[in-house]
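Single-letter residue listing:
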Amino acid sequence: MTELRVYLPIEDLQPQFAAYLSSPTRARGYPPFRGQHSLIIEVAPALAIHRVTDLALKAAPEMEPGILYTERQFGLLELHSDRMADLTAAGQAILAGIGAAPADQMRPQILYHDIIEDLSDQHAIILNRARDASILVPGVALLIYEMAPALFACVAANEAEKAAPNAVINDVQMMGATGRLFMSGTPAEMRIARDTITAKLEAITGR
């Protein structure tokens with residue numbers, strides 16, 4: 001029995017988030033590019049992700065897999081394509097193959113968010129030691145946002161970048177018990193990003 005935990009189509013990958021997914025720590029396969037579309041799947045048990053991968057790539061072989069990863073309990077797959085129709089076909093094949101529907105996924109839970117204005121230099125330095133994306137500089141406003149399951153940090157980052165394109169993605173933690181987004185810019189940009197993420201996550205249906 002395969003449990004569908006996340007079924008996450010993401011339209012129109014934004015420049016910063018696409019670059020993040022393409023970084024060596026994330027992309028184990030083919031890197032995505034800005035303007036492409038993505039489908040991210042998480043299932044349990046972890047090794048069931050290989051059946052999911054087989055179903056997807058046979059249904060739409062023109063797609064490219066970017067991430068195929070097994071954690072201790074969960075497996076995840078990221079697919080991307082220039083054509084949303086390819087991802088739709090792959091998604092339908094996956095859902096039919098495991099006997100699931102998109103609404104069977106887990107509903108996102110918002111765990112915490114905050115905006116820290118006028119970031120101190122020491123705070124920026126210590127955060128930069130652990131970041132995976134762009135550097136943080138003192139004096140900016142910092143948005144921190146935590147949700148579960150972790151993969152919903154992906155759509156949070158992409159939608160926030162759409163809403164506040166001049167803001168900076170500093171880190172996206174998309175694997176583990178929870179997902180976390182660190183984003184910086186002006187206080188107004190961070191409020192727009194926060195509200196956009198909240199509206200997006202609250203609109204996603206699931207169990």
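See above for the structure.
We now turn to the structure provided with this report.

1. Some thoughts on the environment of Leu 181
Link 1 in the chain: Tracing the backbone shows Leu 181 in strand β8 (residues 179-185).
Link 2 in the chain: You can call Leu 181 buried: its relative accessible area is 0%.
Link 3 in the chain: As for Leu 181 and Tyr 145, which are separated by 36 residues in sequence, their C-alpha atoms are 5.2 Å apart.
Link 4 in the chain: Among all residues touching Leu 181, those that are not within four sequence positions of it are Leu 143, Ile 144, Tyr 145, Ala 156, Ala 157, Ile 169, Asp 171, Val 172 and Ile 197.

2. Quick notes on the sheet that holds β8
Link 1 in the chain: The sheet built from four strands is open, its strands ordered β5-β6-β8-β7 with antiparallel pairing. Strands with a single pairing partner mark the edges of an open sheet, and in this sheet they are β5 (109-116) and β7 (168-173). Here the average twist between neighbouring strands, direction ignored, is 10°.
Link 2 in the chain: Relative to β8, strand β6 (residues 141-148) runs antiparallel, the two being bridged by seven bridges.

3. Examining the pairing of strand β4 (residues 75-81)
Link 1 in the chain: Where burial is concerned, most of β4 is hidden: seven out of the seven residues are buried.
Link 2 in the chain: A two-sided burial pattern is seen for β4, the buried positions comprising Gly 75, Leu 77, Leu 79 and Ser 81 on one face and Leu 76, Glu 78 and His 80 on the other.
Link 3 in the chain: The sheet contact formed by strand β3 (residues 64-70) and β4 spans six bridges and is antiparallel. Bridge pairing in β4 links Pro 65 to Leu 79.
Link 4 in the chain: Remark: four residues form the turn of the hairpin made by β3 and β4, two consecutive strands paired antiparallel.

Rules and cut-offs
Residues numbered from 1 in each chain as written. Predicted model: local features only at pLDDT ≥ 70, side-chain atom pairs only at ≥ 80, totals over all residues. Heavy atoms only, no water. Helix = DSSP H or I, 4+ residues; strand = E, 2+ residues; numbered from the N terminus. Buried < 20%, exposed > 50% of the residue type's maximum accessible area, 1.4 Å probe, protein only. Contact = heavy atoms within 4.5 Å. Pairing = 2+ DSSP bridges. Axes fitted to C-alpha atoms, helices over the stretch in contact; angles between N-to-C directions.

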